[in-house]
Structures are given as structure tokens and as C-alpha cells.
Amino acid sequence: MATSATNLRTTSLSHKLSSLSISSNNKLSAFSLTVRQPRLKSRFIVLSANLDAKPTVLVAEKLGEAGLKLLKEFANVDCSYNLSPEELCTKISLCDALIVRSGTKVNREVFESSGGRLKVVGRAGVGIDNVDLAAATEHGCLVVNAPTANTVAAAEHGISLLAAMARNVAQADASVKAGKWQRNKYVGVSLVGKTLAVMGFGKVGSEVARRAKGLGMHVIAHDPYAPADRARAIGVDLVSFEEALATADFISLHMPLTPTTSKMLNDETFAKMKKGVRIVNVARGGVIDEEALVKAIDAGIVAQAALDVFTEEPPPKDGNLVQHEKVTVTPHLGASTVEAQEGVAIEIAEAVVGALKGELAATAVNAPMVPAEVLTELKPYVMLAEKLGRLAVQLVAGGSGVKSVKVTYGSPRAPDDLDTRLLRAMITKGLIEPISSVFVNLVNADFTAKQRGLRITEERITLDGSPESPLDFIQVQIANVESKFASAISETGEIKVEGQVKDGIPHLTKVGSFEVDVSLEGSLILCRQVDQPGMIGKVGSVLGEENVNISFMSVGRIAPRKQAVMAIGVDEQPKKETLKRIGEIPAIEEFVFLKL
Ligand SMILES: NC(=O)C1=CN([C@@H]2O[C@H](COP(=O)(O)OP(=O)(O)OC[C@H]3O[C@@H](n4cnc5c(N)ncnc54)[C@H](O)[C@@H]3O)[C@@H](O)[C@H]2O)C=CC1
Ligand SMILES: O=C(O)C(=O)COP(=O)(O)O
């Protein structure tokens, strides 16, 4: 047995136990040991879309050609507009991604009907109030939007409505077309010198403010979350809600529809407004109590309103609001310019294709935003994290269930310089997927863990060394369980596995108290034996005879001729009889086969 060719080394983590490993250069013919290039994939498989088959994308509302072209290069694209809710629920089980605008309600039923296939919902626009985000998250479905391409279009529409309302353009147009010539009736009001309150000073709000200043208006803004210096930079004062209501001649709404902003303008708030105020809404109908608005107009508090959006779209056509002569209406046209729609289509197509490829979208709405450079850096650790989770859970034999997991990150970086959310999600995926039918990704990892009563605690150990690499090791411990491989239980009684990334490849470096060093690919056999000559050869021969290729192998031992753990990476899953033959080798005390 050519064990002399093996290479004795110790890991950098602890010197308590020595470790024996076969380096990638050594070929031991008796073992049929072949070390091949690892199959490192260059993407984050967080969504686990099946990329072997072309994914199917359902486009449920009209999308610009450039976006469709991008989608078609990657996926089968089904453009089916005006689907009823029932038709959408039927179709969705055949789709990996769904793209909508504001006209489609993507509710819980849609996610439930998808049978787990729907991986991405793309909202070709900004507002995601038509998507049930909680249901999406619970189903592990990523929601992405296109937050920038329609900003200018929405701002321009706001300004159009402001000017058209002030000069009665729509009403006068209808009057002339009806054969009338009513010059006195349609005397307007000027914008210059008037105070405009922009409510919601985000992307659209600030573009509206910029344009209104160009028209000579005095612009104030209310936004509890906007930085004052950004407002000051364009000459806008941030004021309280009360002050905005009390001083504005015009109010333009630009906040999202959320439980907090719902019916923000209501009987009480209309009563606080300056008499004769004019209101523009290109945000969402739901931010105004529409009945209260009609009352406020009839009471003379609100002189006019210009509305692009409604609580219910389309709004009831004979309703008091739409028919009111002091109200100018458009059918949710804020984002509807040729330019904006091309831009939105490209923005959403890129986000959806990226997400289906397993990349984390920069415009993810229901997943932690992890910057691209962090993702690139963490890539091998993400794989290590998932594999350690998988290994640890497969070692559990019983006890009080997998409830308490401790993850320790050893890192030379300062604690606030390491974002562990992605790693925690992947460990959760590794822990849960082998023991359930639940599909786990970055989107639903924390939710799924909580739902299963799995408590994951994280600890950081700051190590000396160069902060160039983000992590030295990751350790996963499962408490209060028994193990089918007793040697995996540490001195403190938990199942413990630990790993490192070496040359970009995840390695298992510790099992229980035993140090090993095996590349985490294919599958793994762990054997405990009394350290003695010939053991590696015996196990290797059984695997070789059964045509199971060994990719990596290492032995960790307490001391020469004492207890040792052999970790063997195998490309193929050995047959039951092969494993039985290994178990029958004298001196093998226990062994376990683990799928990675
Ligand atoms: N009519 C249309 O076709 C379009 C409508 N929209 C609507 O406009 C909204 C704004 O779009 P963006 O400016 O791109 O979004 P954004 O996220 O850049 O800005 C929204 C701003 O509202 C603020 N905000 C949140 N809660 C608030 C509150 N209670 N009071 C005051 N401000 C609050 C936020 O701090 C943020 O600065 C979207 O959510 C969407 O509903 C956007 C594009 C087109
Ligand atoms: O982007 C938004 O929030 C919009 O309201 C635009 O909606 P749309 O895509 O035109 O249905």
C-alpha cells in the first residue's frame, strides 16, 4: 500500500489533532484515486430554476419590444394579456416567471396555484402594491421591479396634470368639441409664485420638484424618510405633514401605497388644508379617501383635482369622482411614454433573466440586497455554507429534532464588514432541504426556518490575519441531537462540522473533534477506525472494485494508532452492498454516507 505517497499536514485552525490527507498531486493506483477539476459554478443558485430546460416567462401585460427580445433569447415567452384571475391561476403552474404592470393582481392564490414553479415575479414599473409580497416570500418567489426607467415619465405626467388642471385644458377641450366657446367659464389660475407641496420626495417627487421650480413655483416637500440635504440641494424645504397641508396651494402626491399611506388624505386632513387647494395624484388612488375628496371639493376646500390613479382601476364610470367637472382624469398613464416603456421593459427583462439564472437581482424587493462585489467575494463561501448545512443535518439520527443551530464565522474582518445574511440563508437551505419537501432560497430562508421552529444563532470570531479574504472558516453545530456517526459529536455534545475555502473550493476541515480535509464535491463517506496501516487501501480497494471514483480523501486522527476518521469524497453514490462491504472491514467502527 503506497501510503508513503500521502502527505501529512495540519490545518491552520487547531493543532490538537494531526491530519493526514492525500494531496491533489498524488495518484494512488490501488485506490483508483482521481482528482478532477472541481465543477465550480459561476452563479448563485439561490432560486434553483431548472436551467437544463428553457424557462417559461408569462408576460401578462404589454411590454416593450426590446424587453421581449431579451426575454426570448433566454426563455420561452408567453404573452397572454387580459387574463382573468382564474386563467392566470391556471397558466401560472406552467411558468417560471411572471411579468406584470399595475393591472394584474398577483395575490396569494397565484402563488398557491403555481405549485412551487413560479420563481420570479417581475413588476415592469415601480409600485408593487399589486403583488402580495408576504405570499411571494413564503413561497420563495423573488419579486423584482423596474424602479428607475419610468421616473421621468411619471414626473412629466404630474406636471402635465398640474398645468392642465390649472388651465382647465381637459374641460375646455370637451366644451369646444361639444360646439361651445366658453372663454369666461375656463379662466384658470397661474402656477408662478404658488406653493407646491410634494408629498413623497423620492425619485418621482424630486423630479416633479425640479420641474416645478423651473415653472417659478415655491416648492416644499414632506417625506419623513428623505434626507434634508438632498432636498436642499435642489432648493426644496422639507416640512412636516401639517405644515405642507396648511401652506400648499397645490399638493402633488408621490409616496407609495402602504398601510401607512393608505387614505392619507381623508376628511380630517382635507379639513386642515388651505381653502382652494388643488391636488394632483400620480401615485396611487388608495392614498386618497375618494369619498372624502368629493366631499372636500363640494365643500369648496379643494378647488380642483387631477387624478391619474384610482382605488379601483378602472374606476366606476358613473362615479361622482370621475364625472366631477372639477376633476381631471387620465387612465393611469404616468409611465406610459414610448421611451419609459422601452426602458422599463429592458430593466425588468434583465432583472428577470438574471434572477432565473440564479443571480441576485439588484432590484429585488423581497430579498436582502447584497451588493454585487460582496456576492462575488462570498461566492465560494456560499457553496461551503450550504454544504455544511447539508452535511450537518444528514448526521442527525434523533434526539429532540433539529431546533437549535449555531453558526460560527471565523473572520479577520471587523464584525460590521461581513454580511452574513446570504451565508445564513444558504446554511438554512442546506439544513432544511434534505429533510423536507420545502424549497429554500434567500427569499424565504428566514421565514422557513422560523416556521419550522429552527433557531439559528450566529457568532463571529475575529481572527488575526489579512482581511483580504472575508472568512477563514464556517462552523455549524446542531445541539440536542444524536448522531448516526458518533464521531461527529464534539466534546461539548453537539454535532459539529467545519469548513474552509481553499483555492476557491469549499473543503470540509473538521468533523466533531477530528480534523480532516476533503473537497466538498460529489458525495462523502465518513469512516471511523483505529488508525493502522492498510486501512486507506482496504476502503479504497472496495470502492475501486465497485467502480466508485474517489475524488479526495483525508484522515484525521487523535494520535498514531488511535482513533481516526477517514473522509472520502466520491463521485458516484455507492451501492448499498458496497457500503455494507466497507462496514464489514475489520477495524471500521462506524461509517456514514452523506450526499452533498
Ligand atoms: N402613475 C404612474 O404611472 C406611476 C406611479 N408611480 C407611483 O409613484 C410612487 C413613487 O415612485 P418613486 O418616486 O419612483 O418611488 P420612491 O421610492 O423613489 O419614492 C417614494 C418616496 O415616498 C416616501 N414616503 C414613504 N412613505 C411616506 C409618507 N408616509 N409620507 C411621505 N412620503 C413617504 C419615501 O420616503 C420615498 O422617498 C410609486 O410607489 C408608484 O406608486 C410611479 C411611477 C409611475
Ligand atoms: O410604475 C408604477 O408604479 C406605475 O404605476 C406604472 O404602472 P404601469 O406599469 O403603467 O401599469
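For the structure given in this document, a descriptive report is provided here. Everything numeric here is computed off the predicted structure, so don't read it as measured data. (Residues numbered from 1 in each chain as written. Chains lettered and ligands numbered in written order. Predicted model: local features only at pLDDT ≥ 70, side-chain atom pairs only at ≥ 80, totals over all residues. Heavy atoms only, no water.)

Focus on the pairing of strand β22 (residues 514-519)
Successive side chains on a regular strand alternate, one facing one side of the sheet and the next facing the other. Burial within β22 is extensive, with 6 of its 6 residues counted as buried. Of the two faces of β22, the one carrying Phe 514, Val 516 and Val 518 and the one carrying Glu 515, Asp 517 and Ser 519 are both buried. Strand direction decides the pairing type here: strand β21 (residues 505-511) and β22, joined by 4 bridges, are antiparallel. Bridge assignment links Leu 508 to a residue of β22, and that residue is Val 518. Taken together, β21 and the strand that follows it, β22, pair antiparallel across an intervening segment of 2 residues, in which Gly 512 is found at a positive phi of about 55°. (Buried < 20%, exposed > 50% of the residue type's maximum accessible area, 1.4 Å probe, protein only. Helix = DSSP H or I, 4+ residues; strand = E, 2+ residues; numbered from the N terminus. Pairing = 2+ DSSP bridges.)

Description of the site of ligand 2
The full set of residues close to ligand 2 is Arg 101, Ser 102, Arg 123, Ala 124, Gly 125, Val 126, Gly 127, Asn 150, Arg 284, His 332 and Ala 335. Contact distances for ligand 2 include 2.5 Å between an oxygen atom and a side-chain N or O atom of Ser 102. Within the backbone of Val 126, an N or O atom sits 2.6 Å from an oxygen atom of ligand 2. For ligand 2, the protein covers 91% of the area, taking 320 Å² as the surface of the free molecule. Tallied by class, residues from the shell around ligand 2 come to 3 nonpolar, 5 polar and 3 charged. (Near = heavy atom within 4 Å. Polar contact = N/O pair within 3.5 Å; in protein donor to acceptor, adjacent residues only side chain to side chain. Areas by Shrake-Rupley, 256 points an atom, 1.4 Å probe, with all protein chains shown as cover. Nonpolar A, V, L, I, M, F, W, Y, C, P; charged D, E, K, R; others polar.)

What about the pattern of salt bridges?
In this structure the tally under the stated criterion is 27 salt bridges. Among the salt bridges present, the one from Lys 177 reaches Asp 173, with a minimum N-O distance of 3.1 Å. With Lys 177 and Asp 173 both in helix α6 (residues 169-177), this residue pair falls 4 residues apart, about one helical turn. According to the relative accessible area criterion, Lys 177 is exposed, its value standing at 67%. (Salt bridge = Lys/Arg side-chain N within 4 Å of Asp/Glu carboxyl O.)

Observations regarding the side chain of Ser 252
Tracing the backbone through its elements, the reader meets Ser 252 in strand β11 (residues 250-253). Setting aside anything within four residues of it in sequence, one finds Ser 252 in contact with Leu 196, Ala 197, Val 198, Met 199, Val 208 and Val 280. (Contact = heavy atoms within 4.5 Å.)

As for helix α1 (residues 65-72)
For α1, every residue scored as buried is listed here: Gly 67, Leu 68 and Leu 71. Projection of α1 onto a plane perpendicular to its axis shows the buried side chains occupying an angular sector of 100°, all on one side. Those residues of α1 that are exposed and angled more than 90 degrees off the buried face are Glu 65 and Lys 69. Tucked inside the fold, the buried residues of α1 contact β3 (56-59), β4 (76-79), β5 (97-100) and α13 (338-356). (Arc of directions from axis to C-beta.)

Description of the sheet that holds strand β20 (residues 495-502)
Across the sheet, which stays open at both edges, the 6 strands sit in the order β17-β16-β18-β20-β21-β22 with mixed pairing between neighbours. Looking at strand neighbours, the two that pair on one side only are β17 (455-462) and β22, the edges of this open sheet. The average angle at which neighbouring strand axes cross in this sheet is 20°, direction not considered. Where strand β16 (residues 404-411) lies against strand β18 (residues 473-478), 6 bridges are found, and the strand directions are antiparallel. Opposite Thr 408, over in β18, you have Gln 475 as the bridge partner. (Axes fitted to C-alpha atoms, helices over the stretch in contact; angles between N-to-C directions.)

Quick look at the environment of Ala 283
Tracing the sequence through the fold places Ala 283 in the loop between β12 (277-281) and α11 (290-298). Separated by 19 residues in sequence, Ala 283 and Met 264 have C-alpha atoms that sit 12 Å apart. Contact partners of Ala 283, with chain neighbours within four places excluded, come to Leu 253, His 254, Met 255 and Val 309.

Topic: the sheet that holds strand β8 (residues 195-199)
Taken together, 7 strands build an open sheet; the order of strands is β10-β9-β8-β11-β12-β13-β14 and the sheet is parallel. Looking at the sheet topology across the chains shown, the edges are occupied by β10 (237-238) and β14 (327-329). Relative to β11, β8 runs parallel, the two being bridged by 4 bridges. Each residue of the ladder has a partner; that of Val 198, found in β11, is Ser 252. Strand contacts of helix α7 (residues 203-214): β8, β9 (218-222) and β11, with the helix running at about 170° to β8, the strand carrying the most contacts. Set on the sheet, α11 makes contact with β12, β13 (302-307) and β14; between it and β13 the angle comes to about 140°.

Shape descriptors only; they carry no functional weight alone.
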